[in-house]
Amino acid sequence: NPLHGAQFVLAAHRISQLPADHGAEVAFAGRSNAGKSSALNALTGHKGLARTSKTPGRTQQMVAFALPPLPQGEGGTPLQARLIDLPGYGYAKVPEELREHWRHEIDAYLHRRRSLRGVVLIADIRHPLKEFDRTMLEFCFQTGLPCHLLLTKADKLSRNQAAQALAAVRKGFADGAQASAQVFSSTDGTGVEQAREAVLALLQR
Ligand code: GDP
């Protein structure tokens, strides 16, 4: 697992505090409680990497994790790679002011961050494409960034229901958007390998 060995670097309140804008990074976004921390832990194979919690909307920061350098083509220098955990502001209990702050920071980050290669968006498969998710997809569409959607908590649905939800989400993608989606579960491991490959493909594109 090339995402194994991810290490906490820093937590930031604004994009100017993030690590130097070199190498390649993939950002993780999702509404509070969607299952983003659990997904990060599952993908990196670190149980405690990102904090998981049942109390959404507490301290919100952007968190940077460094990955071991990735091989890059033949004779290429190894790629400095990072994962960035973006705060989720979609949850009702997040105060309006804070939501506006993060909406603005995330917008600026997605538009200006040169090392950013793509976004992994995490949404609960039982109610995907809420306003937060649509905003993220729209930001990605505007900036030409690929977005890979993890429909998580798939263990809560039957296989058939999960497949239907996936098909419905894919139908909703805008024409020309670089958007993809898959079924995922941190709990039973569904789609974890597929998601790792998607993250690597984004980092190395
Ligand atoms: P975050 O706020 O998006 O980082 O969400 P967390 O990862 O903290 O998860 C929120 C809640 O959903 C926690 O109670 C998790 O145990 C639960 N959860 C996360 N992923 C899954 C999953 O794949 N399946 C199930 N059944 N529960 C999950």
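Under an unreviewed UniProt entry, the protein chain has the name Probable GTP-binding protein EngB and belongs to Fulvimonas yonginensis.

**Student:** Go over the overall build of the protein chain, please, and point to the residues and values.
**Tutor:** Tallying secondary structure elements over the protein chain gives 5 helices and 7 strands in all. Along the protein chain, from the amino end to the carboxyl end, the secondary structure elements read β-β-α-β-β-α-β-α-β-α-β-α. For the protein chain, the C-alpha radius of gyration of 16 Å lies close to 17 Å, the compact-globule estimate for 205 residues. Reported as C-alpha extents along the three principal axes, the dimensions of the protein chain are approximately 45 × 40 × 35 Å. Counting only residues that meet the buried cut, the protein chain has 41% of its 205 residues in that class. Considering only residue pairs separated by 6 or more positions, the protein chain has 75% of its internal contacts joining residues 24 or more positions apart.

**Student:** I'd love a proper account of helix α2 (residues 96–112), names of residues and values included.
**Tutor:** With 17 residues, α2 should reach 24 Å at 1.5 Å per residue; the first-to-last C-alpha distance of 24 Å fits that figure. Looking only at α2, the buried set comprises Trp102, Glu105, Ile106, Tyr109 and Leu110. Across the axial projection of α2, the buried residues extend over an arc of 125°, all falling on one side. For α2, exposure combined with an orientation more than 90 degrees from the buried face picks out Glu96, Glu97, Glu100, His104, His111 and Arg112. The elements touched by buried residues of α2 are β5 (116–124) and α3 (131–143).

**Student:** Hey, could you go over the environment of Thr44 for me, with residue numbers and the actual values?
**Tutor:** Its location among the elements puts Thr44 in helix α1 (residues 36–44). Discounting residues that sit within four places of it in the chain, Thr44 has contacts with Leu3, His4, Ala6 and Leu49.

**Student:** Can you lay out the pairing of strand β7 (residues 179–183) for me, pointing to particular residues and giving the numbers?
**Tutor:** Residues Ala179, Ala181 and Val183 point to one face of β7 and are all buried, whereas Ser180 and Gln182, pointing to the other face, are not buried. As for the winding sense of the linkage, the β-α-β connection from strand β6 (residues 147–152) through helix α4 (residues 159–171) to β7 is right-handed.

**Student:** Help me get a handle on the environment of Gln204, residues and values and all.
**Tutor:** Along the polypeptide, Gln204 turns up in the segment after α5 (192–203). Note: C-alpha distance between Gln204 and Gln72 (132 residues apart in sequence) is 7.2 Å. When near neighbours in sequence (up to four residues on either side) are disregarded, Gln204 contacts Leu70, Gln72 and Leu79.

**Student:** Any details on unusual backbone geometry? Residues and values, ideally.
**Tutor:** Not every positive phi belongs to a glycine, and Leu129 is a case in point at roughly 55°. Within the secondary structure layout, Leu129 lies in the loop between β5 and α3. Classification of Leu129 by C-beta neighbours within 10 Å gives partly exposed; the count is 17.

**Student:** Can you tell me about α4, naming the residues and giving the values?
**Tutor:** Between its first and last C-alpha atoms α4 spans 19 Å; for 13 residues at 1.5 Å apiece the expected length is 18 Å, and the two agree. The complete set of buried residues in α4 reads Ala162, Ala165 and Val169. Projected onto a plane normal to the axis of α4, the buried residues spread over an arc of 60° and lie on a single side. Facing away from the buried side of α4 by over 90 degrees, the exposed positions are Arg159, Asn160, Gln164, Ala167 and Lys171. Buried residues along α4 sit against β6 and β7.

**Student:** Quick one: what's the story with the packing of α2 against α3, residue by residue and with numbers?
**Tutor:** At a closest axis distance of 9 Å, the pairing of α2 and α3 adopts a crossing angle of 30°. Classified by the angle between their axes, α2 and α3 sit roughly parallel to one another. Crossing of α2 over α3 shows right-handed handedness. Contacts between α2 and α3 involve Asp107, Leu110 and His111 on the former and, on the latter, Phe139, Cys140 and Thr143. Residue classes in the contact of α2 with α3 are distributed as 3 nonpolar, 2 polar and 1 charged.

**Student:** Pulling in residues and values, what's your account of the nonpolar core?
**Tutor:** Counting residues in each nonpolar core, the largest one holds 58 residues, and the members touching the most others are Phe28, Val119, Leu121, Cys147, Leu149, Leu151 and Val199. The greatest single-element share of this core, amounting to 6 residues, is contributed by β5.

Basis of the calculations
- Residues numbered from 1 in each chain as written.
- Predicted model: local features only at pLDDT ≥ 70, side-chain atom pairs only at ≥ 80, totals over all residues.
- Helix = DSSP H or I, 4+ residues; strand = E, 2+ residues; numbered from the N terminus.
- Rg over C-alpha atoms; globule rule 2.2 N^0.38 Å.
- Buried ≥ 20, exposed ≤ 12 C-beta atoms within 10 Å, placed from the backbone.
- Contact = placed C-beta atoms within 7 Å.
- Expected span 1.5 Å × (residues − 1).
- Arc of directions from axis to C-beta.
- Right-handed = clockwise from strand over helix to strand, strands pointing away.
- Axes fitted to C-alpha atoms, helices over the stretch in contact; angles between N-to-C directions.
- Parallel < 35°, antiparallel > 145°, perpendicular 65-115°, else oblique.
- Left-handed = near helix turned anticlockwise from the far one by under 90°.
- Nonpolar A, V, L, I, M, F, W, Y, C, P; charged D, E, K, R; others polar.
- Core = buried A, V, L, I, M, F, W, Y, C linked by C-beta atoms within 7 Å.

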